[in-house]
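# Fold and geometry: a report
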Amino acid sequence: MNRYTMGAFALVGFLMGCGSEAPPAPSTTVGEVVHPELPPLPEVSGLTPMPDLNPDPHIVEVDLVARPHAVQLLPGQATQLFNYNDQFPGPLLHARVGDRVIIHFRNDLAEETVIHWHGLRISDQMDGSPVIQTPVQPGASFTYDFVVPDAGTFWYHTHYHQIQQLEYGLYGALVVHERDFPVFSAERIFVGDDIRLRTTNNQISAFQTSGPDIGAGRVGNRLLSNGRVINGEDGDGPVTFTIPRGAIERWRFVLATNALSYGLRIRGADARVISTDGGLLPEAFALERVEIAPGQRYDFEVRPQADATEVVLEALVLVLDENDNVVEAPFVLARGTIEGETVTPEPVYPKVSLPATSVEAAGHEWKLSGGVVDGQVQFTINGVPSYVGEGHEHVLLETFEPNVPVKITLSSNVSPRHPFHIHGQFFQILERGGKPVFEPGLRDTVEVRGNETATILSYFENHGRWMVHCHISEHSENGMMADVQVGTQAAGHGH
């Protein structure tokens, strides 16, 4: 039993601060060998994949339905959620880079919704922006149809009434394999989340319209790993499995929380980071822990240590201890018991190169702020409340020429942190506080900490109109959301 109280999450969150054209070539350059017949995709354990309805090996065609669904998260009354295909998290969408993906989506909810394919550099018409796509009405359907241009670990989630719909469980994971993918003894995926439940009946707690939930974003009293409650005596505990000594595994991790950031640590194994939001790194690196913000992803190469009996994936979370002090506590997300032995060939990674960062680039500033206007909390980008409530138009924040390097310095002059997401593009994190940082890899989400600057570099390769916003739902839906235009705006785009 963990002695830390998860009910303190909300307080700690407050204390800590609060394309219409074809997709471009990927930013990463991967050495490819053309095969007449491609090998089948490896199994990714942890989530149930969507059945592929199309026999063509280069087309993935699936059915996806959003509807109310009751999930037995805790003993007693089942929790009423919204889920995709009656799975929590939603089913795994599994493809290979270059595949055409067709999703026949039906909305069986009593309210409108859309799906955003987080991290995919696809057409803006398929991105799930409610500015471009008319939200799917109750009982209606929409077909998402796109080619996946980049390999990596991604995810999909609602992008409408997101404060409620994301908390209710409308999200799932998406894996796009490299064409010549490295072969591991096993691949696993873990989706981290939190949820706030009433203690009386296991139902989702009421949504607040003021206070810490708005200022810092709603956080939960229960931690989830692949839909399992991992904390408390009444939870299911961590995801469990066996792993043989001598194994070399690929672990993919998606953080689907609304506002909660935490550290990730793997014990009992030699672990290296091999991939971030935008795919494989040119060179893997080892760290004792990594920090992950809502919306971000990491892939790890995991090798059990010779003297270990188990391999453990931990979340390092800020909580209140018994004396109401803010401390960091470990929570086990997954536990692999080491059983048996195997011999695993070394995985062969494709050659990867990233866009140059030592380039002349125009500088831009995006200032993230907030305050109270007419008694309501309002968040802004560059002083403008870009998006306030459903049905309001997005402000066009910037227009960029495609394939021209741009440096953007994001700053927050208020204490809440902002996991800031740019749709349809990748970027690299260069600096924090004006000083170089080691945060390698392509990203689509950067955590901008309170009273700090973060400088990113993007080439804005993907034409279209794209949302940019804080990934904390209360912040984006109360003003910290806008659009950028890359290239010429197509007819019918935007407002």
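What you see is a predicted model; the values in this text were computed from it and never measured.

## Quick notes on unusual backbone geometry
Cis geometry marks the peptide bond from Phe88 to Pro89; its omega dihedral reads -10°. In the Ramachandran plot, Asp86 falls in the positive-phi region, its phi being about 55° despite a non-glycine side chain. By the secondary structure assignment, Asp86 is in the loop between β4 (79-84) and β5 (90-96). A positive phi is found at Asp324, a non-glycine position, where the angle reads about 60°. Exposure remark for Asp324: the relative accessible area of 59% places this residue in the exposed category.

## Some remarks on the pairing of strand β34 (residues 481-486)
For β34, the tally of buried residues reaches 6 of 6 residues, placing the bulk of the element in the interior. Where burial is concerned, the two faces of β34 agree: the one with Met481, Asp483 and Gln485 and the one with Ala482, Val484 and Val486 are both buried. When strand β26 (residues 396-400) meets β34, the two strands line up parallel, connected through 4 bridges. Counted as the bridge partner of Glu398 is Val484 from β34.

## Things to note about the pattern of salt bridges
This structure, assessed with the given rule, holds 29 salt bridges. The closest approach of N and O atoms between Glu452 and Arg432, which form a salt bridge, is 3.0 Å. Of this pair, Glu452 sits in the loop between β31 (445-448) and β32 (453-458) while Arg432 sits in strand β29 (residues 428-432), and the two are 20 residues apart along the sequence. Owing to a relative accessible area of 18%, Glu452 belongs among the buried residues under this scheme. For Arg432, a relative accessible area of 10% puts it in the buried group.

## Quick word on the sheet that holds β34
Backbone hydrogen bonds hold the strands of a sheet together, and the pairing may be parallel or antiparallel. Spatial ordering of the open sheet is given by β26-β34-β33-β28-β31, a layout of 5 strands whose pairing is mixed. A single partner strand is all that each edge strand has here, and the edge strands are β26 and β31. The average undirected angle you get between the axes of adjacent strands in this sheet is 20°. Looking at chain direction, strand β33 (residues 464-470) and β34 are connected through 6 bridges and run antiparallel.

## Some details on the confidence of the model for the protein
A residue-level look at the protein finds 90% of positions with pLDDT of 70 or above and a mean pLDDT of 90. Considering only residues more than four positions removed or in separate chains, one finds that residues 1-35, a stretch of pLDDT under 50, has 111 contacts. A low-confidence stretch, residues 491-495 (pLDDT under 50), is modelled with 11 contacts involving residues beyond four sequence positions or located in other chains.

## What to know about the environment of Val359
With respect to the helices, strands and loops of the structure, Val359 is situated in the loop between β23 (352-353) and β24 (362-373). Here Val359 falls in the partly exposed class, since its relative accessible area comes to 24%. C-alpha separation for the pair Val359 and Leu457, spaced 98 residues apart in sequence, amounts to 9.6 Å. Contacts of Val359, omitting those with residues within four sequence positions, involve Pro405, Lys407, Leu457 and Tyr459.

## A short note on the environment of Gln489
Topologically, Gln489 is positioned in the segment after β34. We classify Gln489 as partly exposed; its relative accessible area is 36%. Between the C-alpha atom of Gln489 and that of Gly464, which follows or precedes it by 25 residues, the distance is 6.5 Å.

## Describing the side chain of Asn462
Along the chain, Asn462 turns up in the loop between β32 and β33. One polar contact links the side chain of Asn462 to the main-chain carbonyl oxygen of Ile122, over a distance of 3.0 Å. Only 3.2 Å separates the side chain of Asn462 from the backbone oxygen of Gly424, close enough to count as a polar contact.

## A word on the environment of Asp236
Among the secondary structure elements, Asp236 is positioned in the loop between β13 (228-229) and β14 (239-245). Of the residues examined, Asp236 reaches a relative accessible area of 44% and is grouped as partly exposed. Among all residues touching Asp236, those that are not within four sequence positions of it are Leu73, Arg228 and Val229.

What counts, and where the lines are drawn
- Residues numbered from 1 in each chain as written.
- Predicted model: local features only at pLDDT ≥ 70, side-chain atom pairs only at ≥ 80, totals over all residues.
- Heavy atoms only, no water.
- Helix = DSSP H or I, 4+ residues; strand = E, 2+ residues; numbered from the N terminus.
- Buried < 20%, exposed > 50% of the residue type's maximum accessible area, 1.4 Å probe, protein only.
- Pairing = 2+ DSSP bridges.
- Salt bridge = Lys/Arg side-chain N within 4 Å of Asp/Glu carboxyl O.
- Axes fitted to C-alpha atoms, helices over the stretch in contact; angles between N-to-C directions.
- pLDDT = per-residue confidence, 0-100.
- Contact = heavy atoms within 4.5 Å.
- Polar contact = N/O pair within 3.5 Å; in protein donor to acceptor, adjacent residues only side chain to side chain.

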